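Structure assessment
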Amino acid sequence: MSEKVPASSWAVEVQGLTKLFGNRHALRGIDLSVSRGECLVVFGPNGAGKTTLVKILSMLVKPSSGNVWLGGINIREKPAQIRRKISLVGHQTFLYHNLTVYENLKFYGKMYDVPNLEQRIKEVIAWVWLESRRYDRVGTLSRGLQQRASIARAVLHNPSILFLDEPEVGLDPQAVTAIRDILGNINAVGGAVVMTTHNLGQGLEFADSVVILNRGQIVYRASKQEINRESFPQVYDRCTETG
Amino acid sequence: MKVLARILVIFWKDILTELRTKEIVTLVLVFALLVVVIFNFAFGTRTGIEELVAPGILWVALTFGGVLGFNRVFVVEKENSCLEGLMLCPVDRSVIYWGKLVGSFTFMLAVAVVITPIFLVLFNLPLFLPRLALIIVLAALGFAAVGTLFSAIAINTRARDMMLPILFLPVVVPVIVAAVKATAPVLAGRPWGDVLTWLQIIIVFDVIYLVVATMVFEFVLEE
């Protein structure tokens, strides 16, 4: 199959993405694209393939077949260059419990070779309102505060593409506000966001476009303008066969 | 230089974590000390022990202590999926391997620095043995090279505590044998010639382990 060269306006372009775990299909021929400045929200029930999709897009898992371009570059070609421009907020925080918030950020900042690291750490800690807890060990923070620190880690290197895998788990209202601000900032500078969630209300609030994933396939896609917020839960139920 | 800097960043993080938890060094130290003391009660300080039994005792303590330590090397990365956080970083997978390897190697040396003098005193052997130090450094490097790789494999298995020794011990047998054989003439005060062949074997296996582990680590992490 000849590979279509993605349009440069796409931040994320996925073609024919398939993932098999043994004989089980986690993803079946996913095609999607996210333009610069867009936030795509992926809805779907448990086991739909949302996390697998995000893990492939963030280059943690290799696809069985299909192609992914991030910022116009195939992820198979320049992995280190792409990793510098992407980030992931997942179910887990990726933070070391026995290190402080500051030490964790310093560690990741050095791994990403972030310029003016001390200043940048101050900025991202301020964004997530963790100034007073910056020298506390992550293990002593509540789940909500840990997730805020995780958001700080994710944006530390100024990514232009951000993946969020059910980020609302354990989040307090302040952290939701922080996410909203950060998504706004990323989109404003031409970055892109792909977010998976179960939470229809919160997802629609962030979305410029949505897809519903069920059993590894995209069963519904629409732009924000095409979505009726009142009837969307029924659409979701119908598409995921839970209604 | 950036590669080296990132290896050292991972090492710094592991040292900081270990200084806070003291999990690995304490665990390995207590185990190795017990082994040395128990064997000392069993064999005492009778004549000829320095060649016949003592080298085996030292390396049993360091090898099995090492297995306990390697079991913990990637546990810290498993908590909160920190390994995924590392894999997201814009570095080659081999950088992660070398960062963890330098940490494992340092922990092994730290344990050896404490255990070896105690072992030498208990078995009434001379304390100043620079050739033994060289053997320990080279063998510890081989152990750490294999242990770090297999620790990354075992961490994703359910029975990781059992899986690691099953994977690790057969592969490091050449280094264990060479280390025991090299230690015996050193403890007996025999010349360099008796030690050199075994040292060369350890060096060859160190190089093989390091090269192969660096090459396959990416597949270990991603599959």
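Reading the values: rules and limits
- Residues numbered from 1 in each chain as written.
- Chains lettered and ligands numbered in written order.
- Predicted model: local features only at pLDDT ≥ 70, side-chain atom pairs only at ≥ 80, totals over all residues.
- Helix = DSSP H or I, 4+ residues; strand = E, 2+ residues; numbered from the N terminus.
- Rg over C-alpha atoms; globule rule 2.2 N^0.38 Å.
- Buried ≥ 20, exposed ≤ 12 C-beta atoms within 10 Å, placed from the backbone.
- Contact = placed C-beta atoms within 7 Å.
- Pairing = 2+ DSSP bridges.

**Regarding the overall build of chain B**
When its secondary structure is counted, chain B shows 10 helices and 0 strands. When the helices and strands of chain B are read in sequence order from the N terminus, they spell out α-α-α-α-α-α-α-α-α-α. Computed over the C-alpha atoms, the radius of gyration of chain B is 18 Å, within 12% of the 17 Å expected from 2.2 N^0.38 for a compact globule of 223 residues. Dimensions of chain B, computed from the C-alpha atoms along their principal axes, are close to 55 × 35 × 30 Å. Each of the 223 residues in chain B was classed as buried or not, and the buried ones make up 46%. When contacts within chain B are restricted to residue pairs at least 6 apart in sequence, those whose partners lie at least 24 apart make up 83%.

**Side note on the pairing of strand β3 (residues 39-43) of chain A**
Residues and elements named next belong to chain A. Buried residues dominate β3, accounting for 5 of its 5 residues. Of the two faces of β3, the one lined by C39, V41 and F43 and the one lined by L40 and V42 are each fully buried. Looking at chain direction, β3 and strand β8 (residues 192-197) are connected through 5 bridges and run parallel. Residue V41 lies in a different strand from β8, and its bridge partner there is M195. Relative to strand β9 (residues 209-214), β3 runs parallel, the two being bridged by 4 bridges. What sits directly across from V42, in β9, is V211.

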